[in-house]
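Examination of the molecular architecture
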Amino acid sequence: MRIHRTAGWERAQRPVQALLLGWLATKAAVLAVNAVTFPRLRPAPTPRGGPRVSILIPARDEAHNLPRTLPGVLAQGAFEVLVLDDGSRDGTADVARRLGAPVLTGKPRPDDWNGKPWACQQLLRAASGEVLIFTDADVDWHAGALGGLLSELTRSGADLLSIQPRQANAGLGARLLTPLVDAAVLSYFPFPLTRLRHPMTSIANGQVMAFRRAALSRVGGYAPVRAEVLEDTRLAQHLGAQGFLVSTALGRACIGVRMYRTYPESVAGFSKNVLPLHFHSRPLLLLAAAGHLGAYTLPWLLRPWLRGPGWTALRAAGLLERTLVSVVAGRRAPADLAEGLLGPLTPLLALPVYRRALRRTVTWKGRQYRQ
């Protein structure tokens, strides 16, 4: 009887094992494609006689970030750099002015607008450039970044070029979840498909978005995504729907970011985006949480009962995936590569993100938004 029960248990495992292995193999294939095809920025001088460039920074409560990031932006040689103070409560405007940037005072937010789209729409109206680059206040611009971005914008022919900044995480708390941004892009979105001028294949990262002004104006600026939390991807989809070319590139040595400094900050930040990324479907969100637990965590927790080469392959893949993503993203310090060891723990660490994302409202920088 015991042998029969064991054989039945092994047969019951096979479909689940095959499904999970197929999922991780698909992600590995996408990562391999992106390792070869995904563009990387390379430092270059800002071209003389090139397009007039406006670098635009929507800033709310960013006094702690601007002393680190704003000097690098101002040193790029853009035609203009504008900072919009979006109702900050920490002296953001004073810090920006002291560092030498012109500062716009944000107007009161209309009831039907979310904070960041409204700030970006005001910057669009104030800017005079032919190329409009919106960048978050926590993004680091290194020497040659603007020249590298403009070179890629020209090479790609894109109407919107967004950049995936290289993560600069210091401390264990920042490493637990924040690098999953790279994993989500590089493991799920094959770069060749993102250039099909179709809304379903258009993606963007709002941390750095470079628009040709004519294209952004044609779609109405940020007005079509005024109430979106995931305004970057939604705006890229609007552009794709109207036949504009949307592209993306890795920031590598040119553009980096320190998104969240602690694990609680990562939970709060990701929880506002994860439901829109799952098409606002709570059942799909719960299915994704269960899938990640099944693929990465349970093969380790149930190791005495899940034996054989298939489960061994799943455990190995769960350890290797984040390390390989870091290599492709250009994060190759020993501590970056060691993040792969967190693979089995990551789904457990993400559970608070899913729990918060299931709420009817999310809070970010003192503002509440309906899900």
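Residues numbered from 1 in each chain as written. Predicted model: local features only at pLDDT ≥ 70, side-chain atom pairs only at ≥ 80, totals over all residues. Heavy atoms only, no water.

Structural notes on empty space enclosed by the protein
All told, the structure shown has one cavity of 30 Å³ or more when counted by the stated rule. Elements represented by at least two residues in the lining of the largest cavity include exactly α7 (180–188) and α13 (309–329). Its residues assigned to classes, the lining of the largest cavity comprises four nonpolar, one polar and four charged. (1 Å grid on protein atoms, 1.4 Å probe; cavity = no way out; pocket = protein on both sides within 12 Å on 5 of 7 lines; lining within 4 Å. Points joined across faces, edges and corners; volume = space filled by probe spheres on them. Helix = DSSP H or I, 4+ residues; strand = E, 2+ residues; numbered from the N terminus. Nonpolar A, V, L, I, M, F, W, Y, C, P; charged D, E, K, R; others polar.)

Quick look at the packing of helix α12 (residues 282–301) against α13
A pair of packed helices is captured by two measures, namely the crossing angle of their axes and the spacing between those axes. Two numbers describe how α12 lies on α13: the axes approach to 9 Å, and their chain directions differ by 120°. Here α12 lies oblique to α13, going by the angle between them. Crossing handedness for the pair α12 and α13: left-handed. Here Ala295, Tyr296, Pro299 and Trp300 of α12 come into contact with α13, specifically with Trp311, Leu314, Arg315, Gly318, Leu319 and Glu321. (Axes fitted to C-alpha atoms, helices over the stretch in contact; angles between N-to-C directions. Parallel < 35°, antiparallel > 145°, perpendicular 65-115°, else oblique. Left-handed = near helix turned anticlockwise from the far one by under 90°. Contact = heavy atoms within 4.5 Å.)

Quick notes on the UniProt feature "domain: Glycosyltransferase 2-like" (unreviewed entry) in the protein chain
Under the UniProt annotation, the feature "domain: Glycosyltransferase 2-like" (unreviewed entry) is placed at residues 54–218. Taken end to end, residues 54–218 has its terminal C-alpha atoms 18 Å apart, with 36% of it in helix and 21% in strand. (UniProt positions renumbered as here; feature names shortened; annotations may be inferred.)

Notes on a nonpolar patch on the surface
Nonpolar side chains collect at one region of the surface, where Trp9, Leu298, Leu301, Leu302 and Trp305 lie side by side and expose about 530 Å² of accessible area between them. Mapping Trp9 onto the fold places it in helix α1 (residues 2–37). When its relative accessible area of 43% is taken as the criterion, Trp9 is described as partly exposed. (Patch = residues over 30% accessible without salt bridge, like charges linked within 9 Å, V, L, I, M, F, W, Y side chains within 5 Å. Areas by Shrake-Rupley, 256 points an atom, 1.4 Å probe, with all protein chains shown as cover. Salt bridge = Lys/Arg side-chain N within 4 Å of Asp/Glu carboxyl O. Buried < 20%, exposed > 50% of the residue type's maximum accessible area, 1.4 Å probe, protein only.)

Re the side chain of Asn205
Tracing the sequence through the fold places Asn205 in the loop between α7 and β8 (208–212). According to the relative accessible area criterion, Asn205 is buried, its value standing at 9%. Within the structure, Asn205 has its side chain in polar contact with the backbone nitrogen of Gln207 (distance 3.0 Å). Once residues lying within four places of it in the same chain are set aside, the contact partners of Asn205 are Ser162, Ile163, Gln164, Pro165 and Asp232. (Polar contact = N/O pair within 3.5 Å; in protein donor to acceptor, adjacent residues only side chain to side chain.)

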